[in-house]
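Working through the structure, step by step
As a plain string of letters, each chain reads:
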Amino acid sequence: MAGRFAPRPTRATVRGGHVGVPAGASAGIPRQSAGPAMVRRWVPDGPLDLGLTVGPLRRGPADPTFRAAPDGSVWRACRTPAGPGTLRVRAYGGEVLGEAWGPGAAWLLDGLPALLGAADDPDAFVPRHRLLAQTRHRRPGLRLTRTGLVLESLIPSVLEQKVTTVEAYAAWRTLVRRYGEPAPGPVPGRMYVMPAPRTWALIPSWDWHRAGVDDKRASTILRAVRVAARMEEAAGMEPEAARARLEVVPGIGPWTSAEVVQRSLGAADAVTVGDLHLPGIVGWALAGDRNADDAEMLRLLEPYAGQRHRAARLILLSGRVRPRRGPRMPVGDIGGL
């Protein structure tokens, strides 16, 4: 029966994965819903796979800040510098329609091209392995997103430190639903904008505990939100400078800073080190080495200097995953202690 079922996602495969966005029934851009706050149409300069591009922004299938709707649209609820906002994006026939609601609507629409990879340069990647060449050929619409928002990637990345994705996603979902605010606009289902920095700082210790977040991760988030303005400034820096800025905060290391700049800056070379699964996945895909460590992963990715994060994403999308030999990491629950 081996190989009959797809492997269960890990944190690494989820990051490199694809949000399923159903194709719409119509061949053209549909008429926008009644009374949107703002609308923008944009034409990308090449192939665009909406699900692949924005997929890394979703923190689990029940993320209250992200929805992939049956009509082919993707919804994001964000806390922008201008305030809360909701963005609906739909791609049809080479054109993109963006609709936004709330105080942050104009900010979200201004950043729509960057969100969908306009600042990315896929042609800068030159595949040097057959696996990556084949995956790139099958996934021509992969673009690296650039949100321009730091805390919305930083906080869930801290929650993912040293725990399973199930635990991290549950913690994010619990805290955003409890302390966030309803997303503006005609959102599908219940969507929420993540809490403001001051709200994160006021969450009592017992609610962190009930959400399954230990003191170390909670303290890291509290330190970050106390300097939220300085953290958000990193969105305007070069990736290495942004990572240095983030890592000034105790508890934020290379793993977390890479995860943040990949999303907030679209950093094509910010390969994640310190991950439990990624070195073995890269080692197995490129050299048949299931026991590769960070040093070996970086050696294998050296031919892709400048594009190592894109190379890692293509490896994750290739589906070539090392066979499992041991038990899964157990899911903890400190909330019941």
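Our structure's up above, just so we're on the same page.
Overview of the structure. In this text the structure is predicted, and so the values were computed from the model without any measurement.

Within the open sheet, the five strands sit side by side as β1-β5-β4-β3-β2. Their pairing is antiparallel. A single partner strand is all that each edge strand has here, and the edge strands are β1 (38-42) and β2 (66-68). Looking at each pair of strands side by side, their axes are set apart by 20 degrees on average, direction ignored. Pairing analysis gives seven bridges linking strand β3 (residues 74-80) to strand β4 (residues 83-92), with the strands arranged antiparallel.

Before going further, it helps to spend a moment on the side chain of Glu152. Along the chain, Glu152 falls in helix α6 (residues 151-159). By relative accessible area, which is 15% here, Glu152 ends up buried. Of note is the side chain of Glu152, whose polar atom sits 3.2 Å from the side chain of Arg76. If we ignore the near neighbours within four places in the chain, the residues touching Glu152 are Arg76, Cys78, Thr147, Trp172 and Met194.

A regular strand places its side chains so that they alternate between the two faces of the sheet. Most of strand β5 (residues 95-101) sits out of view: six of its seven residues are buried. In this structure, β4 lies alongside β5, joined through seven bridges in antiparallel fashion. By the bridge assignment for β5, Thr86 is matched with Trp101. Connecting the antiparallel pair β4 and β5 is a turn made up of two residues, with Gly93 showing a positive phi of about 50 degrees.

Our focus in this paragraph is the packing of helix α12 (residues 239-246) against helix α13 (residues 254-264). The axes of two packed helices give the description: the angle between them and the distance between them. Relative orientation of the contacting elements α12 and α13 amounts to 130 degrees, with a least axis distance of 9 Å. One finds that α12 runs oblique with respect to α13. In this structure, α12 meets α13 at a crossing whose hand is right-handed. Side by side, α12 and α13 meet where Pro239, Ala242, Arg243 and Leu246 of the first sit next to Pro254, Ser257, Ala258, Val260 and Val261 of the second. In terms of residue class, the contact of α12 with α13 is made up of seven nonpolar, one polar and one charged.

Moving on, we get to the packing of aromatic side chains. Scanning the entire structure with this criterion turns up four aromatic pairs. Summarising the aromatic geometry, the rings of Trp75 and Trp101 are spaced 5.5 Å apart at their centres and angled 15 degrees between planes, so their arrangement reads as stacked. Of this pair, Trp75 sits in strand β3 while Trp101 sits in strand β5, and the two are 26 residues apart along the sequence. An identical accessibility class is assigned to Trp75 and Trp101; each is buried.

Cut-off values and rules
- Residues numbered from 1 in each chain as written.
- Predicted model: local features only at pLDDT ≥ 70, side-chain atom pairs only at ≥ 80, totals over all residues.
- Heavy atoms only, no water.
- Pairing = 2+ DSSP bridges.
- Helix = DSSP H or I, 4+ residues; strand = E, 2+ residues; numbered from the N terminus.
- Axes fitted to C-alpha atoms, helices over the stretch in contact; angles between N-to-C directions.
- Buried < 20%, exposed > 50% of the residue type's maximum accessible area, 1.4 Å probe, protein only.
- Polar contact = N/O pair within 3.5 Å; in protein donor to acceptor, adjacent residues only side chain to side chain.
- Contact = heavy atoms within 4.5 Å.
- Parallel < 35°, antiparallel > 145°, perpendicular 65-115°, else oblique.
- Left-handed = near helix turned anticlockwise from the far one by under 90°.
- Nonpolar A, V, L, I, M, F, W, Y, C, P; charged D, E, K, R; others polar.
- Phe/Tyr/Trp six-rings, centres within 6.5 Å; stacked < 30°, edge-to-face > 60°.

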